[in-house]
Amino acid sequence: MTTETTGTPGKVTLNTIASVAGVSVSTVSKVLNDRSDVSAETKERVESVMDELGYERRPARRRGSVVDLVLNELDSLWSVEIIRGVDEVLAEAGASMVLSAVHGRSADTREWLDQLAARRSSGAILVVSDLTSQQRRRLTAMDIPFVLVDPVGNVDALVPTVGATNWAGAVSATEHLIELGHTRIAHLAGPRQLLCSRARADGFRAAMERAELPVPEGWVSHGEFNDRSGRQEMARLLDGAAERGEKPPTAVFAASDLQALGAFEVLRARGMEIPADMSVVGFDDLPVARWTHPALTTVRQPLLDMASMAATTLLRIIDGEQVDTLRLELSTRLEVRGSTAAPLTA
């Protein structure tokens, strides 16, 4: 969490305003967008700090603007949360949203860029598996500002990005299992090429190393962020342990809630109880995590806030405000529910 949008020559940032007012950056963002989900007292305090620091709001030119939201897929619960967060901000600002899916295919991305140029969009929020330097140059050449959400890898320092503390979230999930007494813990990881997947896998390994616990070969299994992959990875993990004559893990940390739900299916199909026979932790805290039986212990990734901050940042750029080098990471939080407990056996 580094720098933020600036609005004055004195470089008063949203981060500074949030610190002085004692609120989060996303709350400051909501006040600037006149969101209804901020109390009158908080709004008054934030606006008072803005006045004291000399933060000048530029006149908005966003009403009637068209903003593209581009995702890999539209049919996942994760995508639905991102769409909700962006839509709320744009609706409040009087801007419209065009929704596109590129399915991770370069041909679809090229087609979307052609359509973007034709409809003269005011800006774009990109939630895609990858955006090449050539595609970035084309967006820049078209003078279309854009913000990346949860980018895949290293991004140009001048490109605004919004993400979450993936590494820290994975550490907290793994440490929770260790504190319960688990010593045999596996990780159902996400795609190797995604930065967030690597950060979660690294966080898992860091927590295991800190506790001086081994990670047997095959106990970190990379797949996709969906339930089908979770089923495949969980089955492969259990079958592999049986083939090698190893004791199975007593706990598993999944890199997404959907992978965790896929693991639920396999465990139940094999007559295993959760959490008695296997504790399971997910990552995301999608609404469905609270509806499972037992309810899923998971790392809350603030998807709505991430989407809201991305939309707010883009709208401020559209309004003509300057943007400092931006690497905004919103905090994750472990939500402990019924899918984790102390192991019955060592």
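Residues numbered from 1 in each chain as written. Predicted model: local features only at pLDDT ≥ 70, side-chain atom pairs only at ≥ 80, totals over all residues. Heavy atoms only, no water.

Student: Sorry if this is basic, but what is going on with the packing of helix H9 (residues 227-243) against helix H10 (residues 257-269) here?
Tutor: Helix-helix packing is characterised by the crossing angle of the two axes and by the distance between the axes. Running from N to C, H9 and H10 cross one another at 50°; their axes reach a closest spacing of 6 Å. Comparing their axes, H10 and H9 come out oblique. Seen along the crossing, H9 lies across H10 with a hand that is right-handed. Where H9 approaches H10, its residues Asp227, Ser229, Gly230, Arg231, Glu233, Met234, Ala235 and Leu238 are matched on the opposing element by Leu258, Gln259, Gly262, Ala263, Glu265, Val266 and Leu267. Class assignment of the residues belonging to the contact of H9 with H10 gives a composition of seven nonpolar, four polar and four charged. (Axes fitted to C-alpha atoms, helices over the stretch in contact; angles between N-to-C directions. Helix = DSSP H or I, 4+ residues; strand = E, 2+ residues; numbered from the N terminus. Parallel < 35°, antiparallel > 145°, perpendicular 65-115°, else oblique. Left-handed = near helix turned anticlockwise from the far one by under 90°. Contact = heavy atoms within 4.5 Å. Nonpolar A, V, L, I, M, F, W, Y, C, P; charged D, E, K, R; others polar.)

Student: For this particular structure, what's the right way to read the packing of aromatic side chains?
Tutor: For any pair of aromatic rings, the description consists of the separation of the ring centres together with the inter-plane angle of the planes. Tallying each qualifying case throughout the model produces one aromatic pair. Summarising the aromatic geometry, the rings of Phe253 and Phe283 are spaced 6.5 Å apart at their centres and angled 45° between planes, so their arrangement reads as tilted. Taken together, the residues span a long stretch of sequence, with Phe253 in strand E8 (residues 251-254) and Phe283 in strand E9 (residues 279-284) at a distance of 30 residues. For Phe253, a relative accessible area of 0% puts it in the buried group. Directly above the ring of Phe283 sits Arg200, whose terminal nitrogen or CZ lies 3.9 Å from the centroid. (Phe/Tyr/Trp six-rings, centres within 6.5 Å; stacked < 30°, edge-to-face > 60°. Buried < 20%, exposed > 50% of the residue type's maximum accessible area, 1.4 Å probe, protein only. Lys NZ or Arg CZ within 6 Å of the ring centre and 35° of its normal.)

Student: Can you help me understand helix H4 (residues 77-93) in this one?
Tutor: The periodicity of an α-helix, 3.6 residues per turn, causes residues three or four positions apart to be oriented the same way. For H4, which comprises 17 residues, the first-to-last C-alpha distance of 25 Å matches the rise-based estimate of 24 Å (1.5 Å per residue) to within 8%. Within H4 the residues assigned to the buried category are Trp78, Ser79, Glu81, Ile82, Ile83, Gly85, Val86, Val89, Leu90 and Ala93. Tucked inside the fold, the buried residues of H4 contact strand E1 (66-71), strand E2 (96-101), strand E3 (123-127), strand E4 (146-149), E9 and helix H11 (303-318). Two residues or fewer after H4 comes Gly94, characterised by a positive phi angle close to 80°. (Expected span 1.5 Å × (residues − 1).)

Student: Before we go on, may I ask you to explain the sheet that holds strand E12 (residues 333-335) in this structure?
Tutor: Remark on secondary structure: sheet strands pair via backbone hydrogen bonds, oriented parallel or antiparallel. The six strands lie next to each other as E7-E6-E8-E9-E10-E12, forming an open sheet whose pairing is mixed. With partners counted over all chains shown, the strands left at the sheet margins are strand E7 (220-222) and E12, one partner each. Direction aside, the axes of adjacent strands within the sheet are offset by 20° on average. Note: E9 against strand E10 (residues 297-300), four bridges, orientation parallel. Note on E10: the bridge partner recorded for Phe283 is Val299. The strands touched by H9 within the sheet are strand E6 (185-189), E7 and E8, with E6 carrying the most contacts at an inclination of about 145°. In the packing of H10 onto the sheet, contacts are made with E6, E8, E9 and E10, and the angle to E9 comes to roughly 155°. (Pairing = 2+ DSSP bridges.)

Student: Explain unusual backbone geometry to me, please; I cannot follow it from the model alone.
Tutor: Phi is mostly negative for residues that are not glycine, and the peptide bonds are mostly trans. Between Ile274 and the following residue, Pro275, the backbone shows a cis peptide bond with an omega angle of 5°. With respect to the element layout, Pro275 can be found in the loop between H10 and E9. Between His293 and Pro294 the backbone carries a cis peptide bond, its omega angle lying at -5°. Positive phi is not limited to glycine here, since Asp143 has a value of about 60°. In this structure, Asp143 sits in the loop between helix H6 (133-141) and E4. With a phi close to 60°, Glu212 is a non-glycine residue in the positive phi region.

Student: I'm lost on the pattern of salt bridges in this one. Help?
Tutor: Oppositely charged side chains are able to pair whenever their charged atoms sit close together. All told, the structure shown has ten salt bridges when counted by the stated rule. Residue Glu81 is joined to Arg84 by a salt bridge in which the shortest nitrogen-to-oxygen separation is 2.9 Å. Placement of the pair is Glu81 and Arg84 together in helix H4, with a separation of three residues, close to one helical turn. Across the pair Asp285 and Arg290 runs a salt bridge whose closest N-O atoms are separated by 3.5 Å. Through salt bridges with shared partners, a single network forms among Asp227, Arg231 and Glu265. (Salt bridge = Lys/Arg side-chain N within 4 Å of Asp/Glu carboxyl O.)

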